Each structure stands twice: as C-alpha cells, then as structure tokens.
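Structural overview
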Amino acid sequence: MQLKTMVRRVEKIKNQLSGIGEMRPGSINEQFTVCGKPGCVCQDPKKPKKHGPYYQLSYVHQGKSTTQFIQKELVSTVERQLKNFKIFKRLTAEWVHLALAIAKEKLASDKLRLKMEAEKR
C-alpha cells in the first residue's frame, strides 16, 4: 500500500472513531435460574421450567472482572454499546497497523535521503 493511501485511510479511521458514540467492553448472556422454593415448576424433575430469561453483562476492565444484570428493556442499548466497542477495537487495531507501516516507509525514505546526501559530499 502506498504511503498516501495509508495516510488517507488513517484520516478516515479518525473520522469514523469520532462518530462511534457510547461503547463498553464485554458480552451479554441470557440466563435462566432455579429457585429454592419447594414444589416450584423450575424444580420439576421431568419438565423443569426455569425462571428467566435474565441478562448478565460480563467484562474485564483494568484487570478486574465485572458482571452486572441488565434489565430486559435496556438490553438493546447495551448491545449497541458492545457493538460500538468492537468497531472501536477494530478501527484502532487497523490504525496501529497502518501507523507502523507508515513509520517503516518514512524511516526507509529518510535512510535513503541521508544516504544520497552523504554520497553528494
């Protein structure tokens, strides 16, 4: 990829990042539970009917694992935030990849320029 193309792509990534919106890391899982009440349908030995679904968000931030329950009405909001975080991670990874490639190209160009200047002397 040419240097100009890489620089343009970095600028496009910066613009995309500015429009991401709310985000959070993690994943959301649907869970069903069994209560402790004797005779409850959730404890039927033949056809148990567990309680739920309940939605649990799990994530790790700064080395600390966290889980929290999410109300059913807020699941779509949290899922949108999770999707935005994945987009953020993908774009920043691409930006770093391009930044390294750009730095390598510039270093090679500077090395060639210095070599040519030394030969002129």
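The model shown is predicted, which means the values in this text are computed figures rather than measured ones. (Residues numbered from 1 in each chain as written. Predicted model: local features only at pLDDT ≥ 70, side-chain atom pairs only at ≥ 80, totals over all residues. Heavy atoms only, no water.)

The next subject is the packing of helix α1 (residues 3-18) against helix α2 (residues 75-120). Relative to each other, α1 and α2 sit at 155°, their axes nearing to 10 Å. In terms of orientation, α1 lies roughly antiparallel with respect to α2. Two packed elements cross with a definite hand, and for α1 against α2 that hand is left-handed. Residues Leu 3, Met 6, Val 7, Arg 9, Val 10, Ile 13, Lys 14, Gln 16 and Leu 17 of α1 pack against Phe 88, Leu 91, Thr 92, Glu 94, Trp 95, Leu 98, Ala 101, Ile 102, Glu 105 and Lys 106 of α2. Its residues assigned to classes, the contact of α1 with α2 comprises 12 nonpolar, 2 polar and 5 charged. (Axes fitted to C-alpha atoms, helices over the stretch in contact; angles between N-to-C directions. Helix = DSSP H or I, 4+ residues; strand = E, 2+ residues; numbered from the N terminus. Parallel < 35°, antiparallel > 145°, perpendicular 65-115°, else oblique. Left-handed = near helix turned anticlockwise from the far one by under 90°. Contact = heavy atoms within 4.5 Å. Nonpolar A, V, L, I, M, F, W, Y, C, P; charged D, E, K, R; others polar.)

If you trace the backbone, Asn 84 turns up in helix α2. Not counting chain neighbours up to four residues away, the residues in contact with Asn 84 comprise Ile 20, Gly 21, Glu 22 and Met 23.

Of note, Gln 81 is situated in helix α2. A distance of 2.7 Å separates a polar atom in the side chain of Gln 81 from a polar atom in the side chain of Arg 24. Gln 81 has contacts with Glu 22, Met 23 and Arg 24, leaving out every residue within four places of it along the chain. (Polar contact = N/O pair within 3.5 Å; in protein donor to acceptor, adjacent residues only side chain to side chain.)

Spatially, β1-β2-β3 is the arrangement adopted by the 3 strands of the open sheet, whose pairing is antiparallel. This sheet does not close on itself; its edge strands, each paired only once, are β1 (27-33) and β3 (64-70). The sheet shows a mean angle of 30° between the axes of neighbouring strands, taken without regard to direction. The pairing of β1 with strand β2 (residues 51-61) spans 6 bridges and is antiparallel. Bridging from a neighbouring strand, Asn 29 pairs with Gln 56 of β2. Contacts from α2 reach β1, β2 and β3, with the element oriented near 145° to β1. (Pairing = 2+ DSSP bridges.)

Across all of its chains, the model carries 4 salt bridges by this definition. Notably, a salt bridge pairs Arg 9 with Glu 94, separated by 2.8 Å at the nearest N-O pair. In this pair, Arg 9 sits in helix α1 while Glu 94 sits in helix α2, placing the two residues 85 residues apart along the sequence. The shortest N-O distance in the salt bridge between Glu 117 and Arg 113 comes to 3.1 Å. Separated by 4 residues within a single helix, Glu 117 and Arg 113 lie in helix α2, roughly one turn from each other. Classification of Glu 117 by relative accessible area gives partly exposed; the value is 32%. If you follow the salt bridges from partner to partner, you end up with Asp 110, Arg 113 and Glu 117 in one network. (Salt bridge = Lys/Arg side-chain N within 4 Å of Asp/Glu carboxyl O. Buried < 20%, exposed > 50% of the residue type's maximum accessible area, 1.4 Å probe, protein only.)

On to unusual backbone geometry. Residue Pro 53 is reached from Gly 52 by a cis peptide bond, and omega for that bond is 10°. Position of Pro 53 among the secondary structure elements: in strand β2. In the Ramachandran plot, Gln 62 falls in the positive-phi region, its phi being about 50° despite a non-glycine side chain. Inspection of the secondary structure puts Gln 62 in the loop between β2 and β3.

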